Amino acid sequence: MAAHPGARGTARPAPHNPHPATGDAPLILSGANVVMPTGTLEQGQVIVDGTRIAGTAPENAHRIDLHGHWLLPGFVDIHNHGGGGASFTSGTADDVVTGIHTHRLHGTTTLVASTVTGDMDFLTRRAGLLSELAEQGDIAGIHFEGPFISPCRKGAHSEELLRDPDPADVRKLIDAARGHATMVTLATELPGGIESVRLLAEHGVIAAIGHTDATYEQTMEAIDAGATVATHLFNAMPPLGHREPGPIAALLEDERVTVELINDGTHLHPASLQLAFHHAGADRVAFITDAMDAAGFGDGRYMLGPLEVEVADGVARLVEGGSIAGSTLTLDRAFKRAVTIDRLPVEDAVAALSANPAKLLGRYDRIGSLEPGKDADLVVLDSDFDVKGVMRRGEWVIDPQLG
């Protein structure tokens with residue numbers, strides 16, 4: 001989703017700059033409300049030694065007082081198309097890094113880069129570029145959203161580029177990603193859909209049901225075949241019906257499925273979010289951004305693949321037809337909305353932002369909570385739930401001591 005030439009210029013990543021008083025010395029972050037898997041510790045502490053969270057403090061540790069703040073694990077976004085005016089779907093490697101850094105400034109320390117519908121040659125080339133960034137550790141993998149989706153529920157995808165999920169084509173994308181294909185969204189009711197789900201499951205790639213016109217029964221068949229994620233639940237699928245419950249009921253009721261939610265106030269009514277948490281439970285919800293270039297950047301005109309998008313008042317819509325075209329969301333805003341407007345417990349919001357997506361990616365042994373031994377990925381929020389500090393693998397992206 002390359003920025004329109006008239007859009008504002010992108011901000012390039014800032015170099016690492018440890019606090020001059022501490023250098024790379026171990027840190028004790030003390031006095032904050034620390035959100036742990038077992039609950040929130042008032043006036044707790046987290047010890048950072050090198051790139052990891054430690055269980056005990058070395059003698060030379062420097063203490064940082066975070067009284068009045070919240071300390072959360074770094075956010076994990078499994079569905080993100082770009083930000084900072086830069087596109088994961090069509091930009092250069094430098095553009096992708098710009099988008100990654102934009103989201104890190106908002107607390108996302110682990111990110112899966114998502115593509116949009118394109119022809120197979122373009123998508124395989126895109127997979128090659130993104131796989132290099134995955135090998136460098138910049139992204140956690142690649143999510144292919146399309147082209148294997150329903151023309152009835154295409155949303156902001158180019159209809160002429162859609163195709164049925166032929167397992168041979170799905171395998172091409174897996175191979176092109178060189179071991180870094182994390183997730184593929186597909187309409188599993190289309191010809192080849194169930195076979196493709198089985199193929200993805202066999203290769204350890206998440207099969208996500210989305211942009212689908214499936215019935216309840218067809219959705220259950222796909223879950224039984226190995227699908228484990230609902231791509232932005234409620235959006236780009238039939239609404240819940242009392243005689244034809246459709247995919248929503250199946251995805252909410254099955255304990256094998258994690259449901260993505262875009263909590264930006266545009267994609268979902270608060271009652272829909274509450275419905276998802278009530279029926280799926282806090283351990284099966286993953287907040288995502290589904291962000292496009294304009295996230296952390298501003299209003300204007302952008303390109304989403306071959307489609308032109310107008311962003312006004314932070315809402316992205318196709319110029320032709322007016323369909324919602326991704327979001328301008330960042331995960332810190334999703335968290336703040338969850339606890340201040342949706343009135344979710346902080347612990348449930350943190351699970352949806354960190355632990356659940358980390359488990360889905362198979363990385364909970366390294367990320368997703370503030371337990372000793374894990375990567376030192378964390379977010380510092382003030383009492384109003386605004387970001388004041390971000391650390392990734394022991395290095396400050398935003399140092400709370402420097403304002």
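For the structure itself, look to the data block above.
In this report, we go over the structure that sits alongside the text. Sequence order as written defines residue numbering, which begins from 1 separately in each chain. Only residues with pLDDT of 70 or above have their local features reported here, since the model is predicted, and side-chain atom pairs are shown and tallied only from 80 upward, although totals for entire chains, interfaces and linings are computed over all residues. The side-chain quantities take in all heavy atoms of the structure and omit both hydrogens and water.

Turning to the packing of aromatic side chains, a few remarks are in order. Within 6.5 Å between ring centres, the rings of Phe, Tyr and Trp (the latter by its six-membered ring) count as paired, and their orientation is classed by plane angle as stacked under 30 degrees, edge-to-face over 60, tilted in between. The full count for this structure, using the stated rule, is five aromatic pairs. On the basis of an interplanar angle of 25° and a centroid distance of 6.3 Å, the ring pair of Phe-75 and Phe-335 is categorised as stacked. Of this pair, Phe-75 sits in strand β6 (residues 75–80) while Phe-335 sits in helix α8 (residues 331–340), placing them 260 residues apart in sequence. Relative accessibility thresholds used throughout: buried, under 20% of the residue-type maximum; exposed, over 50%; partly exposed, between the two (1.4 Å probe, protein chains only). In this structure Phe-335 comes out as buried when scored by relative accessible area, which is 0%. Members of the aromatic cluster, each reached through a chain of ring pairs, are Trp-70, Phe-75, Phe-335 and Phe-385. Ring-over charges, as used throughout, are those where CZ of Arg or NZ of Lys falls within 6 Å of the ring centre and within 35 degrees of the ring normal. Residue placement shows Lys-359 over the ring face of Tyr-364; its charged tip is 4.8 Å from the ring centre. One cation-aromatic arrangement involves Lys-374 over Tyr-364; the distance from NZ or CZ to the ring centre is 3.4 Å. A run of H or I in DSSP becomes a helix once it reaches four residues, and a run of E becomes a strand once it reaches two; helices and strands are each numbered from the N terminus.

What follows covers the pairing of strand β14 (residues 258–261). Along any regular strand the residues' side chains alternate between the sheet's two faces. Burial along β14 is two-sided: Thr-258 and Glu-260 and Val-259 and Leu-261, pointing in opposite directions, are all buried. Summarising the sheet, strand β13 (residues 229–230) and β14 pair through two bridges and their orientation is parallel. Looking across to β14, one finds that Val-229 is bridged to Thr-258. Looking down the strands as they point away from you, a crossover is right-handed if its path from the first strand over the helix to the second goes clockwise. Between β13 and its parallel partner β14, the chain crosses via helix α6 (residues 246–253), and the hand of that crossover is right-handed. Whether two strands pair depends on DSSP finding at least two bridges between them.

Looking now at the nonpolar core. One finds Ile-78, Leu-233, Leu-261, Phe-277, Phe-287 and Phe-335 to be the most contacted residues of the largest nonpolar core, which totals 90 residues. Take this core: its biggest share by element is seven residues, from helix α9 (residues 346–360). Here, two residues are considered to be in contact whenever any of their heavy atoms come within 4.5 Å of each other. Those residues in contact with Leu-261 that sit more than four places away from it in its chain are Leu-233, Phe-234, Leu-268, Leu-273, Ala-276, Phe-277, Val-285, Ala-286, Phe-287 and Ile-288. Core analysis: the next-biggest nonpolar cluster, separate from the first, contains 17 residues, Leu-27, Met-36, Val-48 and Trp-396 among them. The nonpolar core is taken to be a set of buried Ala, Val, Leu, Ile, Met, Phe, Trp, Tyr and Cys residues, with the residues joined through side-chain atoms within 4.5 Å.

Here we come to the layout of surface pockets. In this structure, the second largest pocket spans a volume of roughly 260 Å³. Split into classes, the residues belonging to the lining of the second largest pocket amount to nine nonpolar, nine polar and two charged. With a 1 Å grid laid over protein atoms only, a set of points is called a cavity when a 1.4 Å probe fits there but cannot get out and a pocket when it is open yet has protein on both sides within 12 Å along at least five of seven lines; lining residues have an atom within 4 Å of a point. Grid points are joined across faces, edges and corners, and a volume is the space filled by probe spheres set on the points. Three categories are distinguished: nonpolar for Ala, Val, Leu, Ile, Met, Phe, Trp, Tyr, Cys and Pro, charged for Asp, Glu, Lys and Arg, and polar for the others, with Gly belonging to the last.

A side-chain nitrogen of Lys or Arg and a carboxyl oxygen of Asp or Glu constitute a salt bridge if their distance falls within 4 Å. Taken as a whole, this structure holds 15 salt bridges when the rule is applied. Salt-bridge contacts for Glu-135 lead to Arg-178; the nearest nitrogen and oxygen are separated by 3.3 Å. One end of the pair, Glu-135, is in helix α2 (residues 120–135); the other, Arg-178, is in the loop between α3 (167–176) and β11 (181–186), and 43 residues separate them in sequence. Accessibility expressed as a relative area gives 47% for Glu-135, which makes it partly exposed. One salt bridge connects Asp-386 with Lys-336, and the closest N-O pair in it is separated by 2.9 Å. With Asp-386 in the loop between β19 (378–381) and β20 (387–392) and Lys-336 in helix α8, the pair connects residues that are 50 residues apart, well separated along the chain. Taking relative accessible area as the criterion, Lys-336 reaches 28% and is therefore assigned partly exposed.

Once that is clear, we can look at the sheet that holds strand β17 (residues 307–312). Across the sheet, three strands lie side by side as β16-β17-β18; this open sheet has antiparallel pairing. If you trace the sheet from one side to the other, it starts and ends with β16 (300–304) and β18 (315–318), each paired once. Recorded for the sheet is a direction-independent mean angle of 35° between the axes of neighbouring strands. Across four bridges, β17 lies against β18 in antiparallel orientation. Paired with Val-311 across the bridge in β18 is Ala-316. Axis definition: a line fitted to C-alpha atoms, over the contacting stretch in the case of helices. Angles run 0 to 180 degrees between N-to-C directions.

Listing the buried residues of helix α5 (residues 216–225) in full gives Thr-219, Met-220, Ala-222, Ile-223 and Ala-225. Its buried side turned inward, α5 meets α4 (193–202), β12 (206–209) and α6. Once α5 ends, the next one or two residues include Gly-226, with phi positive near 130°.

Of note, the bond from Gly-146 into Pro-147 is cis; its omega dihedral lies within 30 degrees of zero at 15°. Relative to the assigned elements, Pro-147 resides in the loop between β10 (142–145) and α3. In this model, Arg-178 sits at a positive phi of 50°, which is unusual for a non-glycine residue.

Turning our eyes to something else, we now look at the pairing of strand β1 (residues 27–36). Here β1 lies mainly inside the structure; nine of its ten residues are buried. Alignment of β1 against strand β2 (residues 39–49), held across eight bridges, turns out to be antiparallel. Within β2, the residue paired with Ile-28 across the bridge is Ile-47. Pairing of β1 with strand β4 (residues 62–65) involves four bridges; the strand directions are parallel. In the strand pairing of β4, Ser-30 is matched with Asp-65. Alignment of β1 against strand β5 (residues 70–73), held across two bridges, turns out to be parallel. In the strand pairing of β5, Asn-33 is matched with Trp-70.

Here we come to α2. The span you would expect from a helix comes to 1.5 Å times its residue count less one. Over its 16 residues, α2 extends 22 Å from the first C-alpha to the last, a length consistent with the 22 Å expected when each residue adds 1.5 Å. Among all positions of α2, only Met-120, Leu-123, Arg-126, Ala-127, Gly-128, Leu-130, Ser-131, Leu-133 and Ala-134 are buried. For α2, the secondary structure elements touched by its buried residues are β8 (86–87), α1 (93–104), β9 (108–115), β10 and α3. In protein, a polar contact requires one atom able to donate a hydrogen and another able to accept it; more generally it is a pair of N or O atoms within 3.5 Å, and residues adjacent in sequence count only if both atoms are side-chain atoms. Residue Asp-119 occupies the N-cap position of α2, its side-chain oxygen lying 3.2 Å from the main-chain nitrogen of Asp-121.

Turning our eyes to something else, we now look at the packing of α5 against α6. Where α5 contacts α6, the axes come no closer than 7 Å and their chain directions differ by 40°. Comparing their axes, α6 and α5 come out oblique. Considering the relative orientation of α5 and α6, their crossing is right-handed. Seen from α5, the contacting residues are Tyr-216, Thr-219, Met-220 and Ile-223; seen from α6, they are Gly-246, Pro-247, Ala-249, Ala-250, Leu-251 and Glu-253. Partitioned by chemical class, the residues of the contact of α5 with α6 number seven nonpolar, two polar and one charged. We call two directions roughly parallel when the angle between them is under 35 degrees, roughly antiparallel when it is over 145, roughly perpendicular when it lies between 65 and 115, and oblique otherwise. Should the near helix be turned anticlockwise from the far one by less than a right angle, the crossing is left-handed, and should it be turned clockwise, the crossing is right-handed.

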